[in-house]
Amino acid sequence: MTTARGSVRSEVRLPVPADDVWALVGDPARLAEWFPGIASCTVEGDVRTVMTGSGLPMPERILTVDRLQRRFQYRITVPVFKEHTSTLDVHDLGDGTSLVVYSVDAEPSIMALVIGGAAGAALDNLRHVLKADDDGDR
Amino acid sequence: MSGRRKILFVTTDQQRYDTLGCNGGTVARTPVVDGLAAAGIRYERAHPQSVVCMPSRSTMLTGQHPTTHGVWMNGVPLPQDAPSVAAVLHDAGYRTALVGKAHFEPYLDPFLRFPENALGRVGTTPPGGAHRGFEHLEFATHNPVGPLHYSRWLLEQHPEAVGGFYPVLDGAMQVNALGGGETGAPQVKVNPIERDWYHTDWVADRTITWLQSLESDDDWFCWMSFPDPHHPWDPPESEMGRIDWRDVPLPVGYPERAAERERILDGKPRHWRLWYDGTLVSNYEAPADWVPATLTADQVREVNARNAVECELIDEALGRVLAAIEARGWGDDVDVLFTTDHGELQGDFGLLFKGPYHVDALMRLPLVWRPAPSAGRNPAVVTRPVGLVDLAPTFCAIAGLEPAGFMQGEALPTDDADADARGFDHVLTEWDSALFGVDVHVRTITVDGFVCSAYLPGAVHDGSEGELYDLGDDPLQQRNRWDDPAYRARRDELVAALWDAQPPARASRLRVEAPV
């Protein structure tokens, strides 16, 4: 029952239209605006390079930017990950609100929690960035 | 002098009750703590409210049970606005410091999101003047690599020593199962570091430096928090000549025959044996790739020898701090409290490390309170159950303050008569873990003579399981009476008391944000 691969999923419901959320989280270059602990973020083609707050460079390969489904996927390519895929989905709930789901799958499993834990905090932070603190459910 | 008593709060990490001479330990020599116990109050049944670091340390700081403060497993950060006894004391005019291991926030934090991890870059004074009520913070842990003050100091001053430590994580970032020493025991390594550079002496040195920075008439509360004797067991090799592991007796809780170990484990809820066999891991600080069934008697001896050396170094470091306090002329006005966050299996039942196992190895803690001599307290031994949840109100009482409303414990009793008069008749411990599809949930009550644990539904439990130990005839907790008809009435009474005593829960469950 102990697995090498781990999966961590977080979500947040926001009183913000899905297109408005997507305009922020669907733009790979705007990561540092809403994801805590990112010192810098640059995008060249399908390569995004993130510098974490501790000074750790984290290169990523952008896999999917689908504005129709509002899905963003990327893969961290540093060697400590045997495998990694993160998926960010923005769902339109049809009433002017949205559900943002951030799923992290990785091997080793501990890295799913390292990234997924930070992603959960990032979703919390979206409330502040999008000025949606007073409404919505987590 | 202001007339208020000063407080030195000393914690270690993962130290068993029986590692102190005053508690009957025979391997480590601990004359300093033994002396405090002889002059003060020694507690024989002090329990943590959780047997892992972050929840237990959060209980010490907040004076609340984990269910209430919300840090339900390692990796769940204590909210930044959580109540703090240090803040209460600071607001009352105390100078406040925490030197050593804090661990209210997760360590594995490449994004440097948590203030504990970020402070090393800033200095020792947190932005805003205080963090959780502490105006001075200098952090250390077992890991010589990372953002904390000790790691930065070691890398800057003695970079050649960094590689001598045991690598806490392996190449895949998992808790390392690598064996070492002379027996190949897990999390053991020969560490060539000079003693003066090791974190135990560093914590004492930095504590002394902070104390020397104070004015003579300052009131102060100092939490000196040693990272040892928590694994890895890699004390300075120069000190290992103190104890030859070959001479270390096997713990009384370690059945030498595998069949006997397995018979005992099979009498307990399933996760005990599943971990022993290497098929279920529910504590993420233990190496997932290590199988307890492979543990040998010699490995138990070597782990215990190294652990004992670490306990001796702590005792000597504490002695230096007490001497510095005496030299400042504060000796009569300082209360000293010594304890730890939780215990260590250390060979009991053929296991090491910790996990959802509510037995004395993990729950019975060393706790010594040497009141300030000026308070005129008589030495005593308290046999009634007390908890780490009682520390925060004790600090308030020492400072002459009413306990804060958020605190759930009571000031520690000063003898059994005091304990009886104030109703110290039980103590609670809880466990919750949930990660990667495996969850375990346990609630435990300890009363005079019995330990009773009830399990909630989880990955390998259906909610009907439990453990009941009669400490009178089974002090090693090797015979589970949960299903014994002769104990049915006692069990039902304790289970009812357990649920009646549960503390209020947070409105919403906090999220696991990082490993450890």
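*Asks:* What am I meant to see in the interface of chain A and chain B here?
*Replies:* By a widely used convention, the size of an interface equals the accessible area lost when the partners come together. The partner chain B presents 22 residues to the 21 residues of chain A that form the contact. When its residues are assigned to classes, the side of chain A that touches chain B shows 11 nonpolar, 10 polar and no charged.

*Asks:* Any chance you could explain helix H10 (residues 297–327) of chain B here in plain terms?
*Replies:* Given a rise of 1.5 Å per residue, 31 residues ought to cover 45 Å, and the 45 Å separating the end C-alpha atoms of H10(B) matches this to within 8%. Buried residues dominate H10(B), accounting for 22 of its 31 residues.

*Asks:* Please explain the sheet that holds strand S5 (residues 71–76) of chain A as it appears in this structure.
*Replies:* Strand pairing in a sheet relies on backbone hydrogen bonds, with the paired strands running either antiparallel or parallel. All names here are of chain A. With antiparallel pairing, the seven strands of this open sheet are ordered in space as S1-S7-S6-S5-S4-S3-S2. Edge positions in the open sheet fall to strand S1 (6–14) and strand S2 (38–44), since each of these has one partner strand only. Neighbour-to-neighbour, the strand axes of this sheet turn through a mean angle of 20°, independent of strand direction. Against the sheet, helix H1 (residues 18–25) touches S1, S5, strand S6 (83–92) and strand S7 (98–107), its axis set at about 150° to S6. Along the sheet, helix H2 (residues 109–129) makes contact with S1, S6 and S7, crossing S1 at roughly 5°.

*Asks:* How should I be thinking about the environment of A:Ile62 in this particular structure?
*Replies:* Residue and element names in this part refer to chain A. Here Ile62 shows up in strand S4 (residues 57–66). Residue Ile62 is classed as partly exposed on the basis of its C-beta count, with 15 C-beta atoms lying within 10 Å. Sequence-wise, Ile62 and Tyr74 are 12 residues apart; in three dimensions their C-alpha atoms are separated by 4.4 Å.

*Asks:* So what exactly am I meant to see when it comes to the packing of helix H7 (residues 199–212) of chain B against H10(B) here?
*Replies:* Helix packing for two helices is described by the angle between their axes and how far apart those axes are. Residues and elements named next belong to chain B. At their nearest, the axes of H7 and H10 sit 9 Å apart, and the two run at 10° to each other. The angle between H7 and H10 falls in the class roughly parallel. Between H7, through Thr200, Asp201, Val203, Ala204, Thr207, Ile208 and Leu211, and H10, the contact on the second element is made entirely by Leu313, Ile314, Ala317, Arg320, Val321, Ala324 and Ile325. When grouped by side-chain class, the residues that make up the contact of H7 with H10 number 10 nonpolar, two polar and two charged.

*Asks:* Would you mind showing me how to read the sheet that holds strand S12 (residues 426–435) of chain B here?
*Replies:* All names here are of chain B. What the four strands build is an open sheet, ordered S12-S13-S14-S15; its pairing is antiparallel. What marks the edges here is a single partner per strand, and that holds for S12 and strand S15 (466–470). Ignoring strand direction, the axes of neighbouring strands in this sheet form an average angle of 10°. Pairing analysis gives six bridges linking strand S13 (residues 438–447) to strand S14 (residues 450–455), with the strands arranged antiparallel. The residue bridging Thr446 from the neighbouring strand is Val451, located in S14. Helix H14 (residues 488–500) rests against S12, S13, S14 and S15 of the sheet, and its axis sits at about 70° to S14.

*Asks:* In this structure, what is going on with the packing of helix H1 (residues 31–39) of chain B against H10(B)? I would like to understand it.
*Replies:* Residues and elements named next belong to chain B. In the contact formed by H1 and H10, the axes pass within 7 Å of each other and the chain directions differ by 60°. Classified by the angle their axes make, H1 and H10 are oblique. On H10, the residues touching Pro31, Val32 and Val33 of H1 are Asp315, Leu318, Gly319 and Leu322. Of the residues that constitute the contact of H1 with H10, the class distribution is five nonpolar, one polar and one charged.

Calculation criteria
Residues numbered from 1 in each chain as written. Chains lettered and ligands numbered in written order. Predicted model: local features only at pLDDT ≥ 70, side-chain atom pairs only at ≥ 80, totals over all residues. Contact = placed C-beta atoms within 7 Å. Nonpolar A, V, L, I, M, F, W, Y, C, P; charged D, E, K, R; others polar. Helix = DSSP H or I, 4+ residues; strand = E, 2+ residues; numbered from the N terminus. Expected span 1.5 Å × (residues − 1). Buried ≥ 20, exposed ≤ 12 C-beta atoms within 10 Å, placed from the backbone. Pairing = 2+ DSSP bridges. Axes fitted to C-alpha atoms, helices over the stretch in contact; angles between N-to-C directions. Parallel < 35°, antiparallel > 145°, perpendicular 65-115°, else oblique.

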